[in-house]
Amino acid sequence: MSSLLESTFLPLNPKVHVSPTQLAWYPLDVPKDSNSIDFVDGLKTLARNGDPTLREGLAIHMYLANASMQNRAFCNNDDIQEIFGSHYVLPDLGPLGGNGLANARDFQHLLTHFDVDQSPWNIIYKCIRQHILRGIFLTYSRLSGKLFNCSQDHTPFDVVTWHGNYVPYKYAMEKFISVGSISKDHIDPSIFCILTAPSKTLNTPLADFLIFSPCWDVVSRTFHPPYYHHNEATEFMGLIYGEYRGRSNSFQPGGASYETGFHPHGVSYDEFKKAMELDPQLMRVHKGTIAFMFESSMMMTITDYAMYCSGKLHEHEPKMWDDLKAQFMNHLEEVKAELKAAGQTL
């Protein structure tokens, strides 16, 4: 069973760390066919904040598997990407009205199915609440963020019917309806939000799940890539497929990147130069690409595995921004003239 899940994320834990700089990870290596790794065995914790017993916080995990679970089942009651004490909901659409972004009709949930299977099964539980599980061989309690084991003499997939609305669901991100400016400037990145989880602080999300997918960019007199910025949001980004320019030259499908809150970041100089020299025109961006981002108002700590053990960590090369210069200085005389005409000085 995976030993790379971390459950204590206060800075006093010597196995978690903070980083003042941007971090990134190359894709994990696909296991060899001779090494059978299923979902649970391939599950690793990268970052987290808070604690499930406090019902506040979140965790980010990554997995890589090359084998079916066979007669093993995983029951996660903390969630993946885990959020504690809240649930993901569709964002309010505001002036967009009734349609746009992720539509409720495109989410799919499970139907009941009774599977006749009386063979032995192994159930792995991950939960914050204490319960006693009585299987045919073992009795275990399940506690805060840890994995516990139970064996039983029949399949767990034997649900005759269910009632309620707390069920697993899935969503094809290609169905996302992109929204953007059709004149100038950028709209707030919340327009890329698929789901949001509110925190205990009013109007402040615990986590936002955002997508960057193929769309048209039609703004004029505007720097097309995201502005260089820093804000309170901690950002964890991953690339599912395609090519997402500007993060680093090593941002590959299956890879990830991380920026802590209030850390300045933006596209590389090469992407900046292309954008500055580009003639205003209709552009198709993120062609053949799906990238995602978790944004959180929380500061996170990083696990030993992510920092030292994965063998895939690399920091963004600072030299990718070395050639950036203050563009304001290129227009200093124009600015002075406009200020003088307005009766002001620089």
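Quick summary incoming for the structure in this document.

Criteria and thresholds
- Residue positions are given per chain, counting from 1 as you read along its sequence in written order.
- Given that the model is predicted, a residue must reach a pLDDT of at least 70 before its local features are reported, and side-chain atom pairs must reach 80 or more before they are shown or counted; all residues, however, enter totals for whole chains, interfaces and linings.
- Working from all heavy atoms in the structure, the side-chain values ignore hydrogens and water.
- Two strands are counted as paired when DSSP detects at least two bridges linking them.
- Numbering goes from the N terminus for both helices and strands, where a helix is a DSSP run of H or I of at least four residues and a strand is a run of E of at least two.
- A fitted line through C-alpha atoms represents every axis, and for helices the fit uses only the stretch in contact; the resulting angles, taken between N-to-C directions, go from 0 to 180 degrees.
- Each patch groups residues whose relative accessible area exceeds 30% and which form no salt bridge, using 9 Å between like charges and 5 Å between nonpolar side chains of Val, Leu, Ile, Met, Phe, Trp and Tyr.
- For every accessible area listed, the method is Shrake-Rupley and the probe measures 1.4 Å; residues are considered covered only by the protein chains on display.
- Any Lys or Arg side-chain nitrogen found within 4 Å of a carboxyl oxygen on Asp or Glu counts as a salt bridge.
- Summary of the burial criterion: residues with accessible area below 20% of their type's maximum are buried, those above 50% are exposed, and those between are partly exposed, where the area comes from a 1.4 Å probe applied to protein chains only.
- In these notes, a set of buried Ala, Val, Leu, Ile, Met, Phe, Trp, Tyr and Cys residues joined through side-chain atoms within 4.5 Å is what counts as a nonpolar core.
- Any two residues whose heavy atoms approach within 4.5 Å are treated as being in contact.
- Charged residues are defined narrowly, with Lys and Arg counted positive, Asp and Glu counted negative, and His plus the chain ends left uncounted.
- For this purpose, a charge sits on NZ of Lys, CZ of Arg, CG of Asp or CD of Glu.
- Any N or O atom pair separated by 3.5 Å or less is treated as a polar contact, with the protein-specific requirement of one donor-capable and one acceptor-capable atom, and with residues adjacent in sequence counted only for side-chain atom pairs.

Details of the sheet that holds strand 18 (residues 234-241)
Hydrogen bonding along the main chain pairs the strands of a sheet, whether they run parallel or antiparallel.
Part 1: Here 7 strands make up an open sheet; going across it, the order is 15-16-21-18-19-2-23 and the pairing antiparallel. Each edge of the open sheet carries a strand with a single partner, namely strand 15 (193-198) and strand 23 (313-315). Averaged over all adjacent pairs, the angle separating strand axes in this sheet is 15°, with direction ignored.
Part 2: Looking at chain direction, strand 15 and strand 16 (residues 205-212) are connected through 5 bridges and run antiparallel. Bridge assignment links proline 198 to a residue of strand 16, and that residue is proline 205.

Considering a nonpolar patch on the surface
Part 1: Together, Ile182, Trp216, Val218 and Leu282 line one region of the surface with nonpolar side chains, adding up to about 470 Å² of accessible area.
Part 2: Summarising the element assignment, isoleucine 182 is placed in the loop between strand 14 (169-171) and strand 15.
Part 3: Given the relative accessible area of 76%, isoleucine 182 is considered exposed.

Examining the nonpolar core
Part 1: Ranked by internal contacts, the top residues of the largest apolar core, which has 36 residues, are Trp25, Tyr88, Ile194, Phe209, Phe236 and Ile302.
Part 2: Sort the elements by how many residues they give to this core and strand 16 lands first, with 4 residues.
Part 3: Setting aside its immediate chain neighbours within four residues, tyrosine 88 contacts Gln81, Ile83, Tyr169, Leu195, Thr196, Ala197, Ala207, Phe209 and Phe294.

A few points about a negative patch on the surface
Part 1: Together, Asp270, Glu317, Asp322 and Asp323 make up a negatively charged patch on the protein surface.
Part 2: A relative accessible area of 48% means that aspartate 323 is categorised as partly exposed.

Some details on the environment of glutamine 152
Part 1: Looking at the secondary structure, you find glutamine 152 in strand 12 (residues 146-152).
Part 2: Look at glutamine 152 and you get buried, because its relative accessible area is 13%.
Part 3: On a C-alpha basis, the gap between glutamine 152 and asparagine 122 in space is 6.5 Å, while along the polypeptide they are 30 residues apart.
Part 4: Polar contacts involving the side chain of glutamine 152 include one to the main-chain carbonyl oxygen of histidine 154, which spans 2.8 Å.

A closer look at the side chain of serine 310
Part 1: Tracing the chain through its elements places serine 310 in the loop between helix 2 (304-309) and strand 23.
Part 2: Among the residues examined, serine 310 registers a relative accessible area of 15% and is labelled buried.
Part 3: Separated by 3.1 Å, the side chain of serine 310 and the backbone nitrogen of lysine 312 make a polar contact.
Part 4: Ignoring sequence-local partners within four residues, the contact set of serine 310 consists of Trp25 and Tyr305.

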